[in-house]
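Coordinate analysis (summary)
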Amino acid sequence: MLGFSHNFLSNFLFWVTRKRWLIFTFVISLLLFYIPSPTTLTPEGHRTLIIVVIALILIIGEVIPLPAVAILILILEVIFGIDTPNGVAESFMSDAVFFIMGSLMLAVAIVSQGLDKRLALGIIRMTGNKTWRIVFGFVAISAILSSFIGEHTVAAMMLPVALTLVRNTSEDKAVVHTLAKLLLFSIAYGCAMGSIGTPSGGGRNVIMIGYISEFGLGNISYLKWIKYAYPMLILEIPLAVIILWFTFRPEQTILDSAVRKLKIDVTKTGKMTGNQILAIAIFIAVFFGWVFLSPVLGLGIVALIGVFLYLSFGLIEWKDINRNTNWGVIILFGAAISLGIQMKETGAAEWVANLAITGLGSVVQNVDVLHWFISVFLTGVLTNLLSNAATVAVLGPIILDMGGNPIILGISASIASAFAYLTIVASPTCMIIHSSGLVKSNDYLKAGWKLFIMSMAVLFLVSNLYWPLLS
Amino acid sequence: MKFLIAIGSKEYSEPTLRLGMRVAKAFNAAVTIVYVGEKISAFSTSGVHLAQENLENWELDRQGVDVLAWAFKYLADNGYLSTESEGEGFNIGKLVQTDEDRCEVFLEGNHTQEVGLILRNGDIIQQLRDEVNKRAFDITIIGASKKRSMAHDLIQYIDSSIFVVKNYQPDGQYKMLLAVNDAPNTRKAVKYGVRVAQAFDLYTTAVTVSSTTDFRENCKKASAWADKFLRRSGIENEIRLEHGRFMEIISTIAGDNHIIVMGSSTKSPLAKFFTGSKPLKVMKHCKCPVLIVKE
């Protein structure tokens, strides 16, 4: 047909069906480009919003590699005349990107030390063999650890502990399927809740701190963030345990033999090695660096100092870091932050913020509650479709331009980006537990919607009753 | 010949593996068994790989390894592996990572030169297409899917013959239904059908369908050729010339106790994409295994 071979047509159709979102994006962007700019929006702002739409569709659809999306954002910022090439390059690299890069590298270094067996022993010693206590231990330890070292690191360390307990209970999947879900979701949701605790819990916290500082709205130190966010984390732990327990109530209320077998396995590893002690010491030093030195050095540089020390002391090899670091994600977050800054500078963020306030003004009358609701709900929904850091990078400038208290709205949005409970793609921790093959996509909704509502309610109470006391 | 058998789980893939291996044995074909795990979000690849490496330290298997281990056991128990391969057992250490989303192990087979086990991650059609293109498989064997677009995508995009093992009852008494017309693929379909019928000792019905009572001369010739070929091959058969709607006739005759063998459509890919094809309709609507033979 038309002179093309069947093979060519078949390949072409396959490309079209697999890349339909790319074609859709191209058509939508052309339409948006030729629509006249609204009178209240600058032409640069209009074009910035077109890039936002393109980026969101391509990221959610995952039709082209993430680094390609990042490169496209940077190219379009220059071609659309939004900024000069040097201006785009400057907005691309920031301390937040250094931090994301450093924390991903730290994750590889920490996981490779084999500390997970000690962690398992510690949890089991604390909790004993009752299932509900083990679940509490999993949620609490995952949450506390991920508040400092990044959620996917903790999930990677905790996953084998949970799977070993499941395997030790029974090899028959039908017997242990509810127990497996309970333990795995304890890890995933514990990590998600914990990632709000400190700025180093997640790249998006650092992105938000960076925006607040860059836009001249205030400075949030490491300790100040902890004062705001940690009480919420503590409140959420028991509530999450209750929700998970009643959603995935297992037949096994005591894991006596499974725990005993795990103890035997773990104690075989012997005493802590010098390298493991050094690895912990370096991480503690990094933590103190974040607390005391970040106002001067920045969170990213402190994280990179940690990476430098791990490499210099031979605790990790560069090839391992290189293999296990997601460079594409780092480039994408850099581009997303650049786009966020352009949204602020071109007035696009303010225009969208006003549009949202006008649109939802008829639904929620109280202005402060309206600002809060838009910030939290939009972020919470988008984070379940997109990466949480990308969500904050794109929505951050809009939220900070809505009016009201930018610190409260900014931290609220950053915390809401951790409500990634509803889908597999919501966060790496959700994907990690899914890769075990023991949880299905509809399991995320079973417990996720309850946790989503609980987290929204707790955040509302904490931000309205506790945070005003801090300022 | 090379066969690719796609399996999904221990619970549901047993009929696919059982029938697939029997057909492969009939063709004396090299077999590769592939498990395709779900696609990993691009944001999570490094986290998932980190977790998988950590699982290995705990001697825990990543998703899919248990399914391959089960497939290995099935092959060993049913005499498809050489004594040497069987004796070595399924060793996860022999799975070689060939690229980011693919690892493989090759074993020595009894009836064929080799049996490969492959673990892949990603979109199933993309992964099967890559595998077929890379190693030039002749037939891809897969279980039926509830996903509506699966049948369409298999026929449209996989560049090999497709055998969909639908509603296969291992203890059932099957016959063969050969759909014969004057299309160039029919001869190859009949030859494939004969191999299967000989291996399973199936009574065969060769059906030629015309929408009117007048049969084209070429169709009559094709039917006569099929009859002659089947008889020469020692297959007990009957020849039927039916008029009416193709799908209704084929699904009525096939019921749930036939293995249907037919040639792929000769329509252009664009026409198939927009208007579908007879093999696609058969694959969607019939309640029995279907082999679509491509040129």
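Along each chain, residue indices are assigned from 1 in the same order as the chain's sequence is written. All chains are assigned letters beginning at A, and all ligands numbers beginning at 1, according to the order in which they are written. It should be noted that, the model being predicted, local features are given only for residues of pLDDT at least 70 and side-chain atom pairs only at 80 or more, the latter also being counted only at that level, while totals for whole chains, interfaces and linings use all residues.

Once that is clear, we can look at the overall build of chain A. Here a strand is any run of E in DSSP of at least two residues, a helix any run of H or I of at least four, and the numbering for each starts at the N terminus. A tally of regular secondary structure across chain A gives 23 helices and zero strands. For 471 residues, the compact-globule estimate of 2.2 N^0.38 gives 23 Å, and the C-alpha radius of gyration of chain A, at 23 Å, lies within 12% of that figure. On the principal axes, the C-alpha backbone points of chain A span a range of 70 × 70 × 50 Å. Three exposure classes are used, based on other C-beta atoms lying within 10 Å of a residue's own C-beta, which is placed from the backbone: buried for 20 or more, exposed for 12 or fewer, and partly exposed in between. Considering chain A as a whole, with its 471 residues, one finds that 52% of them fall into the buried category. With C-alpha atoms as the basis for the radius of gyration, the globule rule is written as 2.2 Å multiplied by the number of residues raised to the power 0.38.

With that out of the way, let us pick up the packing of helix α6 (residues 95–111) of chain A against helix α2 (residues 45–57) of chain B. Running from N to C, α6 of chain A and α2 of chain B cross one another at 5°; their axes reach a closest spacing of 11 Å. Taken together, the axis directions place α6 of chain A and α2 of chain B in an arrangement best described as roughly parallel. Contact residues: α6 of chain A offers Leu 104, Ala 107, Val 108 and Val 111 of chain A, while α2 of chain B offers Ser 46, Leu 50 and Asn 54 of chain B. Any residue outside Ala, Val, Leu, Ile, Met, Phe, Trp, Tyr, Cys, Pro, Asp, Glu, Lys and Arg is labelled polar, Gly included; the first ten of those are nonpolar and the last four are charged. Each residue belonging to the contact of α6 of chain A with α2 of chain B can be placed in one class, and the counts come to five nonpolar, two polar and no charged. As a rule, the C-alpha atoms of each element are fitted with a line to give its axis, helices using only the stretch in contact, and angles between N-to-C directions run from 0 to 180 degrees. Each angle receives one of four descriptions, namely roughly parallel if under 35 degrees, roughly antiparallel if over 145, roughly perpendicular if within 65 to 115, and oblique otherwise. By the convention adopted here, residues make contact when the C-beta atoms placed from their backbones lie within 7 Å.

Let us now look at the interface of chain A and chain B. If you look at the interface, chain A gives 37 residues, while chain B gives 26 residues. Looking at the side of chain A that touches chain B, the elements that each hand over two or more residues are α1 (6–18), α6, α9 (151–169), α17 (327–346) and α22 (428–434) of chain A. Sorting elements by how many residues they give to the side of chain A that touches chain B places α9 of chain A first, with eight residues. Residue classes in the side of chain A that touches chain B are distributed as 21 nonpolar, 13 polar and three charged.

Another aspect to go through is the domain arrangement of chain B. Residues and elements named next belong to chain B. Bear in mind that the domain bounds are from an automatic or database domain assignment. Domain annotation for chain B reports domain 1 (2–165) and domain 2 (175–293). One C-alpha centre belongs to domain 1, the other to domain 2, and the line joining them spans 29 Å. At the interface, 15 residues of domain 1 touch 17 residues of domain 2. Listing elements by their share of the side of domain 1 that touches domain 2, those giving two or more residues are α1 (14–27), α6 (148–157) and β7 (161–165). Here the side of domain 1 that touches domain 2 takes six residues from α1, the largest share from any one element. Taken together, the residues that form the side of domain 1 that touches domain 2 break down as 10 nonpolar, three polar and two charged.

All right, on to the nonpolar core then. Take the buried Ala, Val, Leu, Ile, Met, Phe, Trp, Tyr and Cys residues, join any whose C-beta atoms are within 7 Å, and the set you get is a nonpolar core. Within the largest apolar cluster, 167 residues are counted, with the highest numbers of intra-cluster contacts made by Ala 155, Leu 159, Ala 162, Leu 183, Ile 187 and Phe 333 of chain A. Ranked by residues supplied to this core, first place goes to α6 of chain A with 14 residues. Ignoring sequence-local partners within four residues, the contact set of Ala 162 of chain A consists of Phe 138, Leu 183, Leu 184 and Ile 187 of chain A. Membership of the second largest hydrophobic core comes to 84 residues, among which are Val 34, Val 115, Phe 137 and Ile 292 of chain B.

Turning our eyes to something else, we now look at helix α11 (residues 203–214) of chain A. Residues and elements named next belong to chain A. Over its 12 residues, α11 runs 16 Å from end to end, which matches the ideal 16 Å to within 8%, given 1.5 Å per residue. With 10 of 12 residues buried, α11 is to be regarded as a mostly interior element. Inspection of α11 places Gly 203, Arg 204, Asn 205, Val 206, Ile 207, Met 208, Ile 209, Gly 210, Tyr 211 and Ile 212 among the buried residues, and these make up the whole buried set. Each element contacted by the buried residues of α11 is listed here: α6, α12 (222–247), α15 (299–312), α17, α20 (388–400) and α21 (406–416). Helix span is expected to be 1.5 Å times the residue number reduced by one.

Bringing helix α5 (residues 85–92) of chain A into the picture now. Taken together, the buried positions of α5 of chain A are occupied by Val 88, Ser 91 and Phe 92 of chain A. The buried side chains of α5 of chain A occupy one side of the element, clustering within an arc of 105° when seen end-on. What the arc describes is the spread of directions from the helix axis to the C-beta atoms.

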